[in-house]
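Examining the three-dimensional arrangement
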Amino acid sequence: QVHLVESGGGSVQAGESLRLSCVASGFIYKVNNMAWHRQAPGKQRELVATITSGGITTYADSMEGRFVISRDNAKNTVWLQMDSLKAEDTGVYYCDADVQVNRNYECKYWGQGTQVTVSS
């Protein structure tokens, strides 16, 4: 069993920053790609950023330059540094991870989400 737990969400004013964390734990052989997604009220979940185990990153256009994804492979942890937050960044932020439980089997796992609220 693998669990992902996010933390770091909260309520901030526009222009402020937050740093989200997501830790994977359990029966893990290797964590491959990790990613952050968000779901705004009344909208579909959207991809925010991804990072490979080698540190290659991608970002949604609207977040690039304001958000930075990073990870520590030894700690099975991924972070999302969010700066210059806007009201439209409000939503529930989820992390996911492609986890190998052995050499031959990989499965995607999701965290429970952490709420980010940005007031203008």
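Use the structure listed above.
In this text, all values refer to a predicted model and were calculated from it rather than measured experimentally.

On to the overall build of the protein. Broken down by element type, the protein carries zero helices and eleven strands. Ordering the α and β elements of the protein from the N terminus gives β-β-β-β-β-β-β-β-β-β-β. Taking 120 residues into account, the globule formula puts the C-alpha radius of gyration at 14 Å, and the protein, at 14 Å, falls close to it. Principal axes of the C-alpha set define a box for the protein whose edges measure 45 × 25 × 25 Å. Residues classed as buried in the protein amount to 42% of the 120 residues present.

With that settled, consider unusual backbone geometry. Peptide bonds are, in most cases, trans, and in most cases residues other than glycine have a negative phi. With phi around 50 degrees, Asn76 is a residue other than glycine that occupies positive phi space. Along the chain, the position of Asn76 falls in the loop between β7 (67-72) and β8 (77-82). The residue Ser84 is not glycine, and still its phi comes out positive at about 50 degrees.

So, how was this worked out
Residues numbered from 1 in each chain as written. Predicted model: local features only at pLDDT ≥ 70, side-chain atom pairs only at ≥ 80, totals over all residues. Heavy atoms only, no water. Helix = DSSP H or I, 4+ residues; strand = E, 2+ residues; numbered from the N terminus. Rg over C-alpha atoms; globule rule 2.2 N^0.38 Å. Buried < 20%, exposed > 50% of the residue type's maximum accessible area, 1.4 Å probe, protein only.

Taken by themselves, the reported measurements are silent on function.
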